[in-house]
Amino acid sequence: MLELSKRTATFTDSVIRRMTRICNQFGSVNLSQGFPDFAPPSELLARLAEVSHEDFHQYSTTWGAQNFREALAAKQSRFMGHPVDPNSEIVVTCGSTEAMIASMLSVINPGDKVAVFSPFYENYGADAILSGAEPIFVPLRPPTYDFDPAELESAFKQGARALILCNPSNPSGKVFTREELECIAALVEKYDAFVLTDEVYEHIVFAPWKHTYFASLPGMWERTLSCSSLSKTYSITGWRLGYVIACPRITEVVKKVHDFLSVGAPAPLQEAAVVGLRFPQEYYDGLLATYTHKRELFLNGLDAVGLKHNTPQGAYYVMVDVSEFGYASDLDFCEALAQYVGVGAVPGSSFIGANENRYARFHFAKKDETLNAALERLSEIRQKLPKA
Ligand code: GLN
């Protein structure tokens, strides 16, 4: 039989997105793939309706519409504490998913090694394979998900020429402190490496934690590709608006890669999102207040059910220890949970480069009523889940 590419044989489809399909099949409350079930801000929807009758239906500039880049540069300059040039330091992509693979392809040669904190968002594994890189996993150890600088240094000593840094971290909810980032920066400088960030949860950082943009640390602007998106910040995961921010020497290359990967992000959606990029600080305070409340609701609910979990410092995921149920495979556990208990979660093993089988990831980016419905179902987990 005619063989398909060797490259694609070494990874599966996304387990996160597969879990959404399984939830749909069983009518489960889907707390697996992280996306909200509440509406985006009304200003964005109103503008989207207008835009459909305006002249935004053809390609925008491949690296992003001028209006969008200017609004994004103004917003990110404010938050990052470093001026971002809208013309030479931004590449607008189809979600941060494209931002990350375009970044990898821009700085990695086949055979290169890339350090990845683990547990990690599953796309990075496939991204590494697609770009021909060999990942070296640097453990973040539960329950605090701290790392050992010696282990990170060992990855660089083994030749890692880039580090993927998801901060706030999916799935662990870890928020890297400034001190930790400075320690990483010192190693990056010492071993002359790039850093590819994934900062899509930059505005979901719970007090007292604070988000520090890695690129804003002294000397790091020139070696950082900051990837992020509007998906989580404005509850528009389906709009697929992401971006890479980097110095011009790097964006020149990312622009080329992006151009041939996808040509451009959807022009009408870029235009409609500009109103969100111009929101005042109150919007971000409100977003954080919403998620602070949801985190409390969901974690208290898990406590009431007696399920052990970590306390996320940022993002909207929680790792639940499901070892008491004794399943040999956390994939089987999550399928049974969706089918018999009616709640969707993602098996923890899909986030790690090692064989481990103890956690399931739930997210709480849902309406309170959805979270309450999930908690009610979870309260019967010990009766309804088939024995392992
Ligand atoms: N980041 C989301 C998650 O971890 C999913 C994003 C996606 O599926 N593209 O669930």
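The structure under discussion appears in the preceding block.
This report concerns the structure included in the present document. Remember, it's a predicted structure, so these values are computed and weren't measured experimentally.

Moving on, we get to the overall build of the protein. A tally of helices and strands in the protein yields 13 helices and 13 strands. The C-alpha atoms of the protein give a radius of gyration of 21 Å, which matches the 21 Å a tight globule of 388 residues would have. Counting only C-alpha atoms and orienting by the principal axes, one finds that the protein spans roughly 60 × 55 × 55 Å. When the 388 residues of the protein are sorted by exposure, 56% land in the buried category. Put simply, 76% of the contacts in the protein that link residues at least 6 apart link residues at least 24 apart. Counting every atom, the protein has about 16,100 Å² of accessible surface; 55% of that belongs to carbon and sulfur. Separation between the mean location of the 35 positive side-chain charges and that of the 45 negative ones in the protein comes to 3 Å.

Okay, the sheet that holds strand 6 (residues 194-198) next. Read across the sheet, seven strands follow the order 2-8-7-6-5-3-4 without closing on themselves; strand pairing throughout is mixed. Unpaired on one side and paired on the other, strand 2 (90-94) and strand 4 (134-139) mark the two borders of the sheet. For this sheet, the mean inter-axis angle between neighbouring strands, taken without regard to orientation, is 25 degrees. Pairing of strand 7 (residues 224-229) with strand 8 (residues 241-245), which is carried by four bridges, proceeds in the antiparallel orientation. Directly across from Ser226, in strand 8, lies its bridge partner Ile245. Helix-sheet contacts for helix 6 (residues 149-157) involve strand 3 (113-118), strand 4 and strand 5 (160-166), and the interaxial angle to strand 4 is about 165 degrees.

Here the focus is unusual backbone geometry. In the segment running from Ser118 into Pro119, the intervening peptide bond is cis, with an omega of 15 degrees. You can see Pro119 is positioned in the loop between strand 3 and helix 5 (123-130). Of note, the amide linkage connecting Pro142 to Pro143 takes the cis form, showing an omega dihedral of 5 degrees. Checked against the element boundaries, Pro143 lands in the loop between strand 4 and helix 6. Even without glycine at this site, Asp192 takes up a positive phi of about 55 degrees. When you line up the elements, Asp192 lands in the loop between helix 7 (178-190) and strand 6. Even without being glycine, Ser235 reaches a positive phi, approximately 55 degrees. Its location among the elements puts Ser235 in the loop between strand 7 and strand 8.

Counting through the fold element by element, Lys113 comes out in strand 3. Accessibility expressed as a relative area gives 25% for Lys113, which makes it partly exposed. C-alpha separation for the pair Lys113 and Asn357, spaced 244 residues apart in sequence, amounts to 26 Å. Excluding residues within four positions of it along the chain, Lys113 makes contact with Glu134, Ile136, Gln158, Gly159, Ala160, Arg161 and Ala162. From its side chain, Lys113 meets the backbone oxygen of Gln158 in a polar contact 3.3 Å long.

Turning to the nonpolar core, a few remarks are in order. Note that soluble globular proteins tend to have their nonpolar side chains buried in a common cluster. If you look at the biggest cluster of nonpolar residues, it comprises 103 residues, and the most contacted ones within it are Phe68, Phe333, Leu337 and Phe362. Broken down by element, this core gets its largest block of residues, nine residues, from helix 10 (residues 281-305). Setting aside residues up to four positions removed in sequence, Leu337 forms contacts with Gly342, Val343, Ala345, Phe362, Leu378, Ile381 and Leu385. Grouped together as the second largest cluster of nonpolar side chains are 26 residues, Ile136, Leu140, Leu152 and Tyr359 included.

Lining the immediate surroundings of the ligand are Ile16, Arg17, Gln33, Gly34, Tyr121, Asn170, Tyr201, Lys232, Tyr317 and Arg361. At 2.8 Å from an oxygen atom of the ligand is found a side-chain nitrogen or oxygen belonging to Gln33. A distance of 3.3 Å separates a nitrogen atom of the ligand from a polar atom in the side chain of Tyr201. Within the complex, 88% of the 300 Å² of free accessible area of the ligand lies under protein. Residues belonging to the shell around the ligand are distributed by class as follows: four nonpolar, three polar and three charged.

Secondary-structure assignment places Gly306 in the loop between helix 10 and strand 9 (308-309). Residue Gly306 is classed as partly exposed on the basis of its relative accessible area of 41%. Along the chain, Gly306 and Leu371 lie 65 residues apart, while their C-alpha atoms are 16 Å from each other.

This paragraph deals with the pattern of salt bridges. The tally for this structure, following the rule as stated, stands at 19 salt bridges. One salt bridge connects Glu182 with Arg178, and the closest N-O pair in it is separated by 3.3 Å. With Glu182 and Arg178 both in helix 7 and four residues apart, the pair spans about one turn of that helix. You can call Glu182 partly exposed: its relative accessible area is 38%.

About the thresholds
- Residues numbered from 1 in each chain as written.
- Predicted model: local features only at pLDDT ≥ 70, side-chain atom pairs only at ≥ 80, totals over all residues.
- Heavy atoms only, no water.
- Helix = DSSP H or I, 4+ residues; strand = E, 2+ residues; numbered from the N terminus.
- Rg over C-alpha atoms; globule rule 2.2 N^0.38 Å.
- Buried < 20%, exposed > 50% of the residue type's maximum accessible area, 1.4 Å probe, protein only.
- Contact = heavy atoms within 4.5 Å.
- Areas by Shrake-Rupley, 256 points an atom, 1.4 Å probe, with all protein chains shown as cover.
- Lys, Arg positive; Asp, Glu negative; His and termini not counted.
- Charge placed at Lys NZ, Arg CZ, Asp CG, Glu CD.
- Pairing = 2+ DSSP bridges.
- Axes fitted to C-alpha atoms, helices over the stretch in contact; angles between N-to-C directions.
- Polar contact = N/O pair within 3.5 Å; in protein donor to acceptor, adjacent residues only side chain to side chain.
- Core = buried A, V, L, I, M, F, W, Y, C linked by side-chain atoms within 4.5 Å.
- Near = heavy atom within 4 Å.
- Nonpolar A, V, L, I, M, F, W, Y, C, P; charged D, E, K, R; others polar.
- Salt bridge = Lys/Arg side-chain N within 4 Å of Asp/Glu carboxyl O.

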